[in-house]
Each structure stands twice: as C-alpha cells, then as structure tokens.
Amino acid sequence: MQFLQHFPQHRPRRLRRDEFTRALVREHALTSSDLIYPVFVLDQDDGAQNIPSMPGVQRLGRGALWAQAERCVELGIPVMALFPVIDPALKTPDGQEALNPEGLVPRTVRELKQRFPGLGVMTDVALDPFTTHGQDGLLDDTNYILNDETVSVLTRQALVQAEAGVDIVAPSDMMDGRIGAIRLALESQGLIHTRIMAYSAKYASAFYGPFRDAVGSAANLGRANKKVYQMDPANSDEALREVGMDIAEGADMVMVKPGMPYLDIVRRVKDEFRVPTFAYQVSGEYAMLKAAAQNGWLDHDAAMMEALLAFKRAGADGVLTYFALEAAQLIQA
C-alpha cells in the first residue's frame with residue numbers, strides 16, 4: 001500500500017496507544033439491541049432442566065421463562081426466540097401438534113405478549129420438534145422429505161403462531177417456496193404486521209448437536225441427516241441464490257446459520273442485498289466456547305464478546321445467541 005512508503009510519517013500504532021483513542025476510532029460496536037435470546041420452553045408451570053451439552057442453558061418451565069423474559073427487558077434485549085420441548089407422546093410422523101392452537105407454542109406466545117408487551121417474540125416454523133422421525137418435514141415411502149406437502153403444513157403452523165400474536169415467524173426448515181406461501185397466507189388473513197425472518201442460508205452443519213439434545217430431536221433423528229434440504233457447507237454462491245429467493249418471496253429479514261464458520265456468507269449477503277441480515281451463533285459454537293473457558297483454556301468473557309463482535313464486523317445487524325444475557329450484562333456494566 002502506498003502509505004507504507006512514507007514511514008515514519010504514518011504510524012498506525014499511534015491510534016492504539018490509549019483506550020480513549022481506541023474507542024474514538026473503533027469501527028464497530030456490540031449493543032444489547034443487537035441480541036436475540038433463544039430459549040427452550042417446557043410445558044410445565046415451574047422448574048427448569050439443565051442441558052448437559054450446553055452449560056448454563058436450561059429448558060424452562062413457565063415461571064422460569066417469565067423470569068428470563070423480565071431479565072431481557074431489564075437488559076434491553078429486544079427479542080426472545082422460542083423453541084418448544086414437546087412431550088414425546090404428542091409427536092407424530094406428520095407433526096400435527098404444530099398446528100394445535102392450544103399447543104405449547106401459541107399458549108406461550110399469548111402469555112408472553114400479555115405479560116411483556118414490549119418484548120419481541122419470535123417463533124420457529126419447522127416440524128422437527130413435533131415429528132417422531134426428527135426431520136423438518138413430511139416423509140414419503142422412501143423417507144425422502146416432501147417439499148410441497150411440507151410447505152402446506154408449515155404455512156398452517158405459521159398462521160397458528162401469528163394468530164396467537166407472535167411478532168416474528170422464523171421458518172427454519174429450508175423447504176423451497178415456503179416464504180412465499182407463508183407471506184401469502186399471512187396477507188390473506190389480514191396478518192400484515194407479522195414479520196418473517198427467513199433462515200435463508202441454513203447449512204447442514206455438524207454444529208447443531210447440542211440444540212437437538214435440548215429440544216429432544218436428536219434421538220428421533222438417529223443416524224439420519226438433513227442434507228437433502230439444508231445447504232452444503234462447501235457452497236457460497238448458492239447462499240446468495242437462496243437469500244435472493246426469500247427476499248423476493250416476502251422475507252423481511254434473512255439469516256445465516258451457523259455463525260462464525262460462515263462469516264464469509266454473512267459478509268456476502270450483506271454486501272449483495274443490503275437487507276436486515278442476522279446470524280445464529282448456534283449451540284455447538286456456544287458449547288465450544290463454554291467448554292474451553294471451563295477448562296481454563298480461554299478467558300470466557302473476552303472470547304464471548306470478541307466472537308459476538310465478529311458478527312457485527314462481518315455485517316450482521318443482529319445475532320441469535322445463548323450468550324445474550326451474559327453479553328448484555330457486560331455491555332451494561
């Protein structure tokens with residue numbers, strides 16, 4: 001670079017000498033408003049269950065969930081994302097419990113919005129918590145995941161959630177055409193204010209294991225995988241095609257998942273489309289940082305904040321992260 005020819009006139013270290021100067025020229029910042037807090041919801045009044053593969057994260061009964069929601073409000077975290085832990089007796093091959101207007105998700109949404117009207121609530125649109133086979137869709141006789149039949153069910157699931165009062169529906173299934181179908185259904189029912197955050201570039205990743213433990217789908221999925229609908233980790237251009245399709249079909253926001261291994265995708269999406277872009281720091285990423293910190297191999301708080309800042313630097317407008325409460329506490333300190 002040309003300015004390097006003029007050393008010592010240009011000394012970049014001058015701006016790193018003092019904290020006040022570093023703060024003055026800092027290019028990116030992480031705030032509580034950048035965070036979405038994913039939580040696992042139990043259908044019980046009280047209590048919580050530890051998740052061994054996600055230290056510090058619990059499945060929450062209603063009382064514990066209200067307490068976490070109140071903490072989000074106090075810390076300025078704008079959105080809580082709900083992931084249901086369904087009674088195995090309610091799981092079926094076709095995931096019909098996902099369509100129950102009195103099911104765990106719509107009941108939880110209604111009460112959260114009544115208790116905390118200013119807290120944004122986001123719900124997952126996918127069938128894997130509700131199916132006996134752990135897949136995100138319906139199966140044919142060869143166990144292939146059917147696309148259009150699944151989209152029909154997902155559309156009804158999204159309507160149930162929207163009618164319960166959820167602010168954001170987040171289809172995470174990666175079926176073709178589901179954003180357009182859901183948007184059309186919402187509009188036709190007058191649910192014009194329900195936002196869609198599309199899991200647009202969701203990869204068939206090895207980093208989802210602890211999440212599947214948390215929602216109870218790991219055992220159902222067994223040795224099967226989701227490679228026929230989630231994206232190949234080797235592909236980058238394909239992510240732009242997926243994002244472009246979801247925007248054209250009516251998505252308000254798009255997401256890249258997982259997070260840190262795919263920061264290049266976040267950057268490409270933001271540069272190409274300039275739309276609200278989010279990333280999900282998934283369970284495996286969280287578990288790795290927690291385990292390393294517990295072993296004394298990393299400074300927990302420093303590594304956590306550096307990882308979250310990386311999302312902002314890559315172009316993300318916000319991050320879904322299980323660190324949300326801990327990070328917001330540090331930000332406010």
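In this text, all values refer to a predicted model and were calculated from it rather than measured experimentally. (Residues numbered from 1 in each chain as written. Predicted model: local features only at pLDDT ≥ 70, side-chain atom pairs only at ≥ 80, totals over all residues. Heavy atoms only, no water.)

Student: Can you walk me through the overall build of the protein chain in this structure?
Tutor: Per the secondary structure count, the protein chain includes twelve helices and twelve strands. A fraction of 75% describes how many contacts in the protein chain between residues 6 or more apart in sequence connect residues 24 or more apart. Between the mean site of the 33 positive side-chain charges and the mean site of the 43 negative ones, the protein chain shows a separation of 9 Å. (Helix = DSSP H or I, 4+ residues; strand = E, 2+ residues; numbered from the N terminus. Contact = heavy atoms within 4.5 Å. Lys, Arg positive; Asp, Glu negative; His and termini not counted. Charge placed at Lys NZ, Arg CZ, Asp CG, Glu CD.)

Student: Please clarify how the pairing of strand S11 (residues 277-281) should be interpreted in this entry.
Tutor: Along a regular strand, successive side chains alternate from one face of the sheet to the other. Counting buried positions along S11 gives five out of five residues, so the element sits mostly inside the fold. Of the two faces of S11, both are covered, the one formed by Thr 277, Ala 279 and Gln 281 as well as the one formed by Phe 278 and Tyr 280. By the bridge criterion, three bridges tie strand S10 (residues 253-257) to S11 in an arrangement that is parallel. The partner of Val 256 across the bridge, within S11, is Ala 279. Once you follow S10 into helix H9 (residues 263-273) and on to S11, the crossover reads as right-handed. (Buried < 20%, exposed > 50% of the residue type's maximum accessible area, 1.4 Å probe, protein only. Pairing = 2+ DSSP bridges. Right-handed = clockwise from strand over helix to strand, strands pointing away.)

Student: Which parts of the structure should I look at to understand the packing of helix H10 (residues 283-294) against helix H11 (residues 300-314)?
Tutor: Helix-helix packing is characterised by the crossing angle of the two axes and by the distance between the axes. Orientation of H10 relative to H11, taken along the N-to-C sense of each, is 155 degrees, at an axis distance of 9 Å. Regarding the angle of H10 to H11, the classification is roughly antiparallel. Here H10 runs over H11; the crossing is right-handed. Residues Glu 285, Leu 289, Lys 290 and Ala 293 of H10 pack against His 300, Ala 303, Ala 307 and Phe 311 of H11. (Axes fitted to C-alpha atoms, helices over the stretch in contact; angles between N-to-C directions. Parallel < 35°, antiparallel > 145°, perpendicular 65-115°, else oblique. Left-handed = near helix turned anticlockwise from the far one by under 90°.)

Student: Teacher, can you tell me more about the packing of H11 against helix H12 (residues 324-332) here?
Tutor: Closest axis-to-axis distance for the H11/H12 pair is 11 Å, and the angle between their directions is 95 degrees. By the angle between their directions, the pair H11 and H12 is classed as roughly perpendicular. Mapping the contact onto sequence places His 300, Asp 301, Met 304, Met 305 and Leu 308 in H11 and Glu 326, Ala 327, Leu 330 and Ile 331 in H12. Taken together, the residues of the contact of H11 with H12 break down into six nonpolar, one polar and two charged. (Nonpolar A, V, L, I, M, F, W, Y, C, P; charged D, E, K, R; others polar.)

Student: Any chance you could explain the nonpolar core here in plain terms?
Tutor: A general tendency of soluble globular proteins is for nonpolar side chains to be buried together. Among the nonpolar cores identified, the biggest contains 106 residues, and Phe 40, Met 80, Leu 112, Met 122, Met 197 and Tyr 280 are the most heavily contacted of them. Leaving out residues up to four positions away in the same chain, Leu 112 has contacts with Leu 65, Trp 66, Ala 69, Met 80, Leu 82, Pro 117 and Val 121. (Core = buried A, V, L, I, M, F, W, Y, C linked by side-chain atoms within 4.5 Å.)

Student: Whenever I open this one, the side chain of Thr 108 confuses me. Can you help?
Tutor: Relative to the helices and strands, Thr 108 is located in helix H3 (residues 104-115). Judged by relative accessible area, Thr 108 falls into the buried class, the value being 3%. A polar contact of 2.6 Å, which involves the side chain of Thr 108, links it to the backbone oxygen of Leu 104. Dropping the residues within four chain positions of it, Thr 108 is found in contact with Val 41, Leu 65, Trp 66 and Leu 82. (Polar contact = N/O pair within 3.5 Å; in protein donor to acceptor, adjacent residues only side chain to side chain.)

Student: Teacher, can you tell me more about the pattern of salt bridges here?
Tutor: Opposite charge on two side chains allows them to pair when their charged atoms are near. For the coordinates displayed, the defined rule picks out 21 salt bridges. The partner of Arg 62 in a salt bridge is Asp 45, and the shortest N-O contact between them spans 3.1 Å. Taken together, the residues span a long stretch of sequence, with Arg 62 in helix H2 (residues 62-75) and Asp 45 in the loop between strand S1 (35-42) and strand S2 (48-50) at a distance of 17 residues. One connected set of salt bridges, linked through shared partners, spans Asp 43, Asp 45, Arg 62 and Arg 107. (Salt bridge = Lys/Arg side-chain N within 4 Å of Asp/Glu carboxyl O.)

Student: I keep staring at helix H5 (residues 178-188) and nothing clicks. Help me out?
Tutor: Each α-helix winds once per 3.6 residues, and so residues spaced three or four apart point in a common direction. The complete set of buried residues in H5 reads Arg 178, Ile 179, Ile 182, Arg 183, Ala 185 and Leu 186. Along H5, the residues classed as buried sweep out an arc of 165 degrees about the axis, all on the same side. Opposite the packed face of H5, turned more than 90 degrees from it, sit the exposed residues Leu 184 and Ser 188. Each element contacted by the buried residues of H5 is listed here: strand S5 (120-125), helix H4 (148-163), strand S8 (168-171), strand S9 (195-202) and helix H8 (237-249). Just downstream of H5 lies Gly 190, where phi reads positive at about 75 degrees. (Arc of directions from axis to C-beta.)

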